[in-house]
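# Summary of structural features
Spelled out from the first residue to the last, the chains are:
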Amino acid sequence: MSDLQQASADPGYSVRPLEAPGASGYLPQNERRRRLPFAREYVREPLPEVPMREVLCYECGRSCQIPKAALSAVCPHCFAHLNAVNITVRPGTHHLQVRTLGDVKIPASVELSQLHVVCHNLAVAGCVKGSLRAMGTLTMQGHAEMEGQLSASKLVVLGGAHAKVSPGISVDEAELSGCLTGRLHAKREVRIHTHGKLIGHCKAASLQLAHGAAHEGTWESATS
Ligand SMILES: [Zn+2]
């Protein structure tokens, strides 16, 4: 008897492949029992639900959902990389291009020209020139001055403010509690509260003046 035959005859040396009983791929009963405790450890807990928020992509303008805590995201429509951090513009900064899904603050000490901002909410107290687009609310306070291509979904001028836009701003709706100088074009309504004042041409679907509010200038219906 050769060595090879001897080795295969000895059950201690025989290596038998693991045989599945059929084509189904089921493991033999004893092998299944052996593996079961390992498998139990890897039973996945259901993932906690991540709070989401809806944003508008600043590249393609379509809405998408991103996690609330995300600092950046990728648009599922145009695959653009979207920044989502909140930014405060510092005086004398060289970063004049600001594009984010977060909020941007421009403090009173800032005086910048050629500033390009696209963001969600924008709060302006300083003096800026350039193109500024807020997809959410634009809040003006103090002696805020803005010049250039300006647009927002909603404009809010806080009480006690002496804000200025030149040549004008186009918004969906506006709410003035302070004074605003400049042309205002609103797709929907403009509300001027008590002590609020608008100096300049106003084109809006409707203009509501509270008692004590003032409008100096012409008004034109947006539907005409
Ligand atoms: Zn997009």
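Keep in mind that what you see is a predicted model, and the values were worked out from it rather than measured.

## Points about the overall build of the chain
The number of helices and strands found in the chain is 2 helices and 19 strands. Evaluated residue by residue, the chain yields a buried proportion of 32% over its 224 residues. For the chain, the accessible surface area stands at approximately 14,200 Å², while carbon and sulfur atoms represent 53% of it.

## Brief notes about the coordination of the zinc ion
Protein coordination at the zinc ion comes from C57 (SG), C60 (SG), C75 (SG) and C78 (SG), with a distance range of 2.3 Å. Relative to the metal, the 4 donor atoms surrounding the zinc ion lie at angles of 104 to 116°, and the coordination shape comes out tetrahedral. Here the donor residues of the zinc ion are spaced in sequence according to C-x2-C-x14-C-x2-C. Here the residue C60 occupies a position in the loop between strand 1 (52-56) and strand 2 (63-67), and C78 occupies one in the loop between strand 3 (72-74) and strand 4 (81-83), the gap between them amounting to 18 residues. A relative accessible area of 28% places C60 in the partly exposed class. Judged by its relative accessible area of 30%, C78 falls in the partly exposed class.

## Structural notes on the pairing of strand 10 (residues 127-140)
Judged from the 7 bridges that link them, strand 8 (residues 111-119) and strand 10 form a sheet pairing that is parallel. In the sheet register, V118 faces strand 10, and the bridge partner there is R133. Bridging between strand 9 (residues 122-124) and strand 10 involves 3 bridges; their strand directions are parallel. Opposite V124, over in strand 10, you have M140 as the bridge partner.

## Some remarks on the environment of E111
When you line up the elements, E111 lands in strand 8. The sequence separation of E111 and P91 amounts to 20 residues, and the corresponding C-alpha distance is 6.6 Å.

## Comments concerning the nonpolar core
What tends to happen in soluble globular proteins is that the nonpolar side chains get buried as a cluster. In this structure, I106, L122, L138, M140, M146 and L155 are the most contacted members of the largest nonpolar core, which totals 38 residues. For this core, the leading source of residues is strand 12 (residues 162-176), giving 6 residues. Setting aside residues no more than four positions away along its own chain, I106 makes contact with V89, L115, L122, A123, V124, A125, G126, V128 and L132. Residues V55, C57, C64 and A73 belong to the second largest nonpolar core, which totals 13 residues.

## Considering the pairing of strand 13 (residues 179-186)
Note: strand 12 against strand 13, 7 bridges, orientation parallel. Bridge assignment links G168 to a residue of strand 13, and that residue is R183. One ladder, built from 3 bridges, connects strand 13 with strand 15 (residues 197-199); its direction is parallel. Residue pairing in the sheet places L180 in a bridge with L198 of strand 15.

Reading the values: the criteria
Residues numbered from 1 in each chain as written. Predicted model: local features only at pLDDT ≥ 70, side-chain atom pairs only at ≥ 80, totals over all residues. Heavy atoms only, no water. Helix = DSSP H or I, 4+ residues; strand = E, 2+ residues; numbered from the N terminus. Buried < 20%, exposed > 50% of the residue type's maximum accessible area, 1.4 Å probe, protein only. Areas by Shrake-Rupley, 256 points an atom, 1.4 Å probe, with all protein chains shown as cover. Donors = N, O, S within 2.8 Å, 3.2 Å for Na, K, Ca; no water. Tetrahedral: all angles 85-135°; square planar, octahedral: opposite > 155°, others 65-115°. Pairing = 2+ DSSP bridges. Core = buried A, V, L, I, M, F, W, Y, C linked by side-chain atoms within 4.5 Å. Contact = heavy atoms within 4.5 Å.

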